[in-house]
Amino acid sequence: MLPDVPDDTRVRIEVGFAGVPAGQEALWSLGPGPHTTTTRAARHAYFAIGRFASATDTAQQLTLEARFAEGHFDVPAARRDLGKLLAAEAKIFAPDRPETLRVLVVPMPHDDDADDHGTSLTGSAILWMDGGLKWGEAQARLAAHEMFHLYLGQIIDRGGDEPDERTYWFSEGFTEHYTDVVMARAKVYDAQGWLEMLRLRVRRYHQHPQCETPNDKAEMRWGGAAIQLPYLRGSMVAAYVDAAMRRASGGKRSLDDLMRTLLGRARRHEAPLDSERMLGVIAAEAGKEVAATVRAVALGGQRLTLPKDAFGPCVVVTGEGDKQDVVAAPGVDLAKCFASL
Ligand SMILES: [Zn+2]
């Protein structure tokens, strides 16, 4: 159907659906109307037809259009969470132009051994979730991860000459970090749920059998955020850079500023991010020493000992090396502190 041309070839494409049965809806990932995009985006598109419940929302210039296969999930609860996540994401990127994010939630047969999973495509995310479950924190967290990829991984593209998986430490790792940031700021987590997820990630990182394996030697077997090294290691790196930026600026700057720099860079169509360019941005935003540590950890496989304040003022990272853990900050009312995030 598509001409045999390189992935980055620009194409103008409009999809029409014929013969859709009454009462059913036909969808594709780029949405109605003509689009100027790349053949890569067209090749990675999804198409769906059926009866859907919809949830739409806007925050600043961001629009969310979600579709849920009818008869599954608690759509009002999902709508509430997705709207809050969208608003938190819009604040980070202070959108300078309208963007639409489409989310399609596909129910899967119940399977005790299968995890929910998702992927992000151009302007769009698709989530495969246990159709027997309603909607809760785990579902919202997966949605938050894939929604964040609208920016990091898509508009802020990775690439260059490096294979995709070599850049997962920032495309997936920073997305994992921000998944919990956005969930916390949106208050889709409660304080305890947030703390538990931080602890889980820190422990999984330090206990990962490949924790000290260099980036280009790490095995990229499929498994997603819970077990894949670049997700875990990259999320620790993101927290480390965030803490360094907050400390150096007396709280005036944070990783959010670096993300906005990356967005500006992408908007100006500068070369796609590879590891070296990302390290260059980190050096410019957070200093050469921070970038040198990130290089040693993210590329070289040095174990990162997180600073005490890696996750902000409400919690403290304790211990050294593989004994690191996260606890509520002593003398701080965790619920109250969390409410102010
Ligand atoms: Zn991802």
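Remember, it's a predicted structure, so these values are computed and weren't measured experimentally.

Peer 1: Describe the domain arrangement of the protein chain, naming the residues involved and giving the relevant values.
Peer 2: Examined at the domain level, the protein chain breaks down into domain 1 (10-148) and domain 2 (164-303). Averaged C-alpha coordinates put domain 1 and domain 2 at centres separated by 25 Å. At the interface, 17 residues of domain 1 touch 18 residues of domain 2. With eight residues, the single largest contributor to the side of domain 1 that touches domain 2 is helix H2 (residues 75-93).

Peer 1: Break down the environment of methionine 147 for me, with residues and values.
Peer 2: Tracing the backbone through its elements, the reader meets methionine 147 in helix H3 (residues 137-148). Since 27 C-beta atoms lie within 10 Å of it, methionine 147 is described here as buried. Between the C-alpha atom of methionine 147 and that of threonine 119, which follows or precedes it by 28 residues, the distance is 9.5 Å. Excluding residues within four positions of it along the chain, methionine 147 makes contact with Leu85, Glu89, Leu101, Val103 and Ala125.

Peer 1: Which residues make up the nonpolar core, and what values do they have?
Peer 2: Among the nonpolar cores identified, the biggest contains 89 residues, and Leu85, Val103, Val237, Tyr240 and Val241 are the most heavily contacted of them. Element by element, the count of residues in this core is highest for helix H7 (residues 229-248), at 12 residues. Two domains share this core, each providing at least three of its residues, namely domain 1 (10-148) and domain 2 (164-303). Sequence-distant contacts of valine 241, defined by excluding residues within four places in its chain, comprise Leu255, Leu258, Ile282, Ala286, Val290 and Val294.

What counts and how
Residues numbered from 1 in each chain as written. Predicted model: local features only at pLDDT ≥ 70, side-chain atom pairs only at ≥ 80, totals over all residues. Domains from an automatic or database assignment. Contact = placed C-beta atoms within 7 Å. Helix = DSSP H or I, 4+ residues; strand = E, 2+ residues; numbered from the N terminus. Buried ≥ 20, exposed ≤ 12 C-beta atoms within 10 Å, placed from the backbone. Core = buried A, V, L, I, M, F, W, Y, C linked by C-beta atoms within 7 Å.

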